[in-house]
Amino acid sequence: MKYALITGASRGIGRAIALRLSSKYKIIINYCSRADKANEVKALIEAQGGSAELLPFDVSDSKQTDLALSSWEENHQGEYISLLVNNAGIRKDNVMFMMSDEEWREVLDITLNGFFYVTRRLLKHMMPRKHGGRIINVSSLSGLKGMAGQVNYSAAKAALIGATKALALEVAPRNITVNAVAPGFIDTDMTQDLPKEELKKLVPVGRFGTSEEVASLVEYLSSDDAAYITGEVISINGGLYT
Ligand code: NAP
């Protein structure tokens, strides 16, 4: 069985992806602070007969990321991570004229720099293998169309799409696919403070999506059936933006 690293797998969409992929991969659960929630995911995977391990690190910290992944490699000689889901992300919404340096930097650091630090590290081992690999980046509808109050988040998610397309071209000859998913409103902790009843009316299918629906799309992109899809951004938004 191969290994899959899912960043931000303690809650929400990352948790659903970890659970969904656990019948096909040994799961590495990354998180930043919520060890309680990460342990819950691990226990659930093990209860389903799967294999899971915790790998906490802050994806926005280059040194922490390198240290954590180096120690994983030391403990798993001869193994490599063949599926990476860059899912960790945060929102720090504000109108731009009021936005602080921290609000701008934190969102860019976790979404964009996090993608860079983790992916660069894993490519080192993915590239030389003949079995290749899969990289799936969790972008957002905000990165495709832009959202008022989310200049930081929209910029980070749009940059992630550019990086997805460029990296896909770089690594295609190595049998590695790189794709992004762009969810609309998904019911998770991240969207708990939003006016859900109002926003639901904007969505043609009339509801928020579930983490499991996003996980199902990620599962497809990670499968052998998706081997000819690369450099794509797949929307999953209930028709909100087509
Ligand atoms: P969530 O429920 O708030 O979960 C966020 C996850 O990211 C948690 O597991 C958290 O770990 C982890 N995380 C945060 N900062 C981190 C860091 N510095 N290093 C490592 N892990 C970190 O959010 P979600 O809704 O599932 O969102 C997951 C992804 O989907 C994000 O990239 C988000 O931008 C994207 N997305 C969400 C929606 C939506 O409507 N929910 C829509 C479009 C895109 P801890 O538990 O340790 O804090």
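Scroll up a little and you will see the structure.
Treat the numbers as computed from the prediction; the structure is a model and nothing was measured. (Residues numbered from 1 in each chain as written. Predicted model: local features only at pLDDT ≥ 70, side-chain atom pairs only at ≥ 80, totals over all residues. Heavy atoms only, no water.)

## Considerations on the overall build of the protein
Next, step 1: The helix and strand tally for the protein stands at 8 helices and 7 strands.
Next, step 2: Taken over C-alpha atoms, the radius of gyration comes to 17 Å for the protein, in line with the 18 Å a tight globule of 242 residues would show.
Next, step 3: Taking the principal axes of its C-alpha atoms as reference, the protein extends roughly 50 × 35 × 35 Å.
Next, step 4: Classification of the 242 residues of the protein by burial places 48% in the buried group.
Next, step 5: Considering only intrachain contacts with a sequence separation of at least 6, the fraction spanning at least 24 residues in the protein is 69%. (Helix = DSSP H or I, 4+ residues; strand = E, 2+ residues; numbered from the N terminus. Rg over C-alpha atoms; globule rule 2.2 N^0.38 Å. Buried < 20%, exposed > 50% of the residue type's maximum accessible area, 1.4 Å probe, protein only. Contact = heavy atoms within 4.5 Å.)

## Brief notes about unusual backbone geometry
Next, step 1: Despite not being glycine, asparagine 175 shows a phi value in the positive range, around 70°.
Next, step 2: As for its position among the elements, asparagine 175 is in the loop between helix H6 (151–171) and strand S6 (176–183).
Next, step 3: Look at asparagine 175 and you get partly exposed, because its relative accessible area is 43%.

## Regarding the side chain of threonine 164
Next, step 1: With respect to the element layout, threonine 164 can be found in helix H6.
Next, step 2: When its relative accessible area of 0% is taken as the criterion, threonine 164 is described as buried.
Next, step 3: Every residue in contact with threonine 164, bar those within four places of it in the chain, is listed here: Asn137, Val178, Asn179, Ala180, Gly231 and Glu232.

## Considering the site of the ligand
Next, step 1: Residues in close proximity to the ligand total 32 residues, the closest being Ser10, Ser33, Asn87, Tyr153 and Thr188.
Next, step 2: In this structure, serine 33 approaches the ligand through a main-chain N or O atom, which is 2.6 Å from an oxygen atom.
Next, step 3: Within the backbone of isoleucine 186, a nitrogen or oxygen atom sits 2.8 Å from an oxygen atom of the ligand.
Next, step 4: Surface burial for the ligand is 95%, taken as the share of its 910 Å² of free accessible area covered by protein chains.
Next, step 5: Mapping the ligand onto the cavity grids shows that it belongs to the largest pocket.
Next, step 6: For the shell around the ligand, the secondary structure elements donating two or more residues are helix H1 (12–21) and H6.
Next, step 7: Split into classes, the residues belonging to the shell around the ligand amount to 15 nonpolar, 12 polar and 5 charged. (Near = heavy atom within 4 Å. Polar contact = N/O pair within 3.5 Å; in protein donor to acceptor, adjacent residues only side chain to side chain. Areas by Shrake-Rupley, 256 points an atom, 1.4 Å probe, with all protein chains shown as cover. 1 Å grid on protein atoms, 1.4 Å probe; cavity = no way out; pocket = protein on both sides within 12 Å on 5 of 7 lines; lining within 4 Å. Sits in = over half its atoms within 2 Å of the grid points. Nonpolar A, V, L, I, M, F, W, Y, C, P; charged D, E, K, R; others polar.)

## Thoughts on a nonpolar patch on the surface
Next, step 1: A grouping of Val95, Phe97 and Met98 is seen on the molecular surface, where their side chains present a nonpolar patch of about 360 Å² in accessible area.
Next, step 2: Structurally, the position occupied by methionine 98 is in the loop between strand S4 (81–86) and helix H4 (101–126).
Next, step 3: Residue classification places methionine 98 among the exposed residues on the basis of a relative accessible area of 51%. (Patch = residues over 30% accessible without salt bridge, like charges linked within 9 Å, V, L, I, M, F, W, Y side chains within 5 Å. Salt bridge = Lys/Arg side-chain N within 4 Å of Asp/Glu carboxyl O.)

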